[in-house]
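Secondary and tertiary structure notes
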Amino acid sequence: MANLGKAVRRAVYPGSFDPPTMGHVDVIARAARLFDELIVAVAVNAEKKPLFSLQERVEMMQECCRSMPNVRVMPLEGLLARFAQEVGACAIVRGLRAVSDFEYEFQMASMNHQLAPAVDTCFLMTHQQYAFLSSSIVKEVARLGGDVSQLVPPNVHRRLQQKFAVPTAGENR
Ligand code: COA
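Read on for an overview of the structure. (Residues numbered from 1 in each chain as written. Predicted model: local features only at pLDDT ≥ 70, side-chain atom pairs only at ≥ 80, totals over all residues. Heavy atoms only, no water.)

Taken together, 25 residues sit near the ligand, with Ser-16, Leu-80, Arg-94, Ser-135 and Ser-136 positioned nearest. One of the side-chain nitrogen or oxygen atoms of Thr-126 is found 3.1 Å away from a nitrogen atom of the ligand. The side chain of Ser-134 places a nitrogen or oxygen atom 3.5 Å from an oxygen atom of the ligand. Its free accessible area being 940 Å², the ligand has 85% of it covered by the protein chains. Put simply, the parts of the chain that give the shell around the ligand at least two residues each are strand E1 (10-15), helix H1 (22-34), helix H4 (99-115) and helix H5 (135-143). In terms of residue class, the shell around the ligand is built from 9 nonpolar, 12 polar and 4 charged. (Near = heavy atom within 4 Å. Polar contact = N/O pair within 3.5 Å; in protein donor to acceptor, adjacent residues only side chain to side chain. Areas by Shrake-Rupley, 256 points an atom, 1.4 Å probe, with all protein chains shown as cover. Helix = DSSP H or I, 4+ residues; strand = E, 2+ residues; numbered from the N terminus. Nonpolar A, V, L, I, M, F, W, Y, C, P; charged D, E, K, R; others polar.)

Structure follows, in structure tokens:
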């Protein structure tokens, strides 16, 4: 990580990541090219009952980001806006998959901007290939024995196999 005293362009990419998908990794890789440093903030979301514990989600994300030297993974237990200020971020990165994401994202971005005016929200259009993807859909398909190996990184696929009896690639039931 670069010296905090320098004018480093640091951004935060928050999410539940239960589990991380190829869509998330695509957004991370692209955001890591736009900013000097990217902090992936793995959140405790009180409204969701996660399949993976916070520690498991942080570990999975660390494994996914290992090849990206300017990406750091941290747990996020409080307010995102406060976290972003504390780590000295100038931006929050969010992925937009479809028009349906917009209203919720607009609301969150507005609230975060009110709480932390120096932190802007930056939206990246999710790659078309992953526009239909969500962590819930991956979990549901995996739980029912479908092949999700193309939708999640290999380390996440292994973790899903440990949670459910997920078949290996090409072995769709
Ligand atoms: N590719 C694939 N899937 C994507 C995606 C992408 N690029 N971007 C989002 N998704 C999926 C996620 O996997 C998630 O799927 P799920 O609902 O099936 O789990 C879904 O889209 C929604 O994702 P997201 O909007 O990122 O929700 P989240 O729960 O992952 O994250 C937080 C929301 C953590 C950012 C938000 O709750 C937060 O900021 N919490 C901190 C507390 C706080 O400050 N609250 C006030 C906010 S104003």
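What follows continues from the structure just given.
Let us now look at helix H6 (residues 154-163). Within H6 the residues assigned to the buried category are Asn-155, Val-156, His-157, Arg-159 and Leu-160. Where the residues of H6 are buried, they touch helix H2 (54-64) and H5. (Buried < 20%, exposed > 50% of the residue type's maximum accessible area, 1.4 Å probe, protein only. Contact = heavy atoms within 4.5 Å.)

According to the stated counting rule, one finds 2 aromatic pairs in the structure shown. Their ring planes at 55° and their centres at 5.4 Å tell us that Tyr-13 and Phe-17 sit as a pair that is tilted. Under the relative-accessibility criterion, Tyr-13 is labelled buried at 5%. Phe-17 gets classed as buried once you look at its relative accessible area, which sits at 3%. A centroid spacing of 5.5 Å and a plane angle of 20° characterise the contact between Phe-102 and Phe-106, whose relative ring orientation is stacked. Of the two residues, Phe-102 and Phe-106 both sit in helix H4, 4 residues apart, roughly one turn of that helix. (Phe/Tyr/Trp six-rings, centres within 6.5 Å; stacked < 30°, edge-to-face > 60°.)

So, on to the environment of Phe-52. Checked against the element boundaries, Phe-52 lands in the loop between strand E2 (37-43) and H2. Phe-52 gets classed as buried once you look at its relative accessible area, which sits at 1%. Linking Phe-52 and Gly-15, residues 37 residues apart in sequence, is a C-alpha distance of 13 Å. Excluding its chain neighbours within four sequence positions, the residues that come into contact with Phe-52 are Asp-18, Pro-19, Arg-57, Met-60, Arg-159, Leu-160 and Lys-163.

Here we come to the environment of Val-93. Relative to the helices and strands, Val-93 is located in strand E4 (residues 91-96). Once the C-alpha coordinates of Val-93 and His-24 are considered, the two residues, 69 residues apart in sequence, prove to be 11 Å apart.

We now examine a nonpolar patch on the surface. Where nonpolar side chains cluster on the molecular surface, the patch consists of Leu-79, Met-111 and Leu-115 and spans about 270 Å² of accessible area. If you trace the backbone, Leu-79 turns up in the loop between strand E3 (71-76) and helix H3 (80-86). Look at Leu-79 and you get partly exposed, because its relative accessible area is 43%. (Patch = residues over 30% accessible without salt bridge, like charges linked within 9 Å, V, L, I, M, F, W, Y side chains within 5 Å. Salt bridge = Lys/Arg side-chain N within 4 Å of Asp/Glu carboxyl O.)

Quick look at the sheet that holds E3 now. The strand order E3-E2-E1-E4-E5 describes an open sheet built from 5 strands, whose pairing is parallel. Here the strands that pair on one side only, and so sit at the sheet edges, are E3 and strand E5 (120-125). If you compare each strand with its neighbour and ignore which way they point, the axes differ by 30° on average. As paired elements, E4 and E5 share 6 bridges and run parallel to each other. Paired with Ile-92 across the two strands is Thr-121, which belongs to E5. Contacting E1, E2, E3, E4 and E5, H1 runs over the sheet at an angle of about 125° to E5. (Pairing = 2+ DSSP bridges. Axes fitted to C-alpha atoms, helices over the stretch in contact; angles between N-to-C directions.)

Here the focus is unusual backbone geometry. With omega at 0°, the peptide bond leading from Asp-18 into Pro-19 counts as cis. Position of Pro-19 relative to the elements: it lies in the loop between E1 and H1. If you check the backbone angles, Phe-17 has positive phi at about 50° while not being a glycine. If you trace the backbone, Phe-17 turns up in the loop between E1 and H1.

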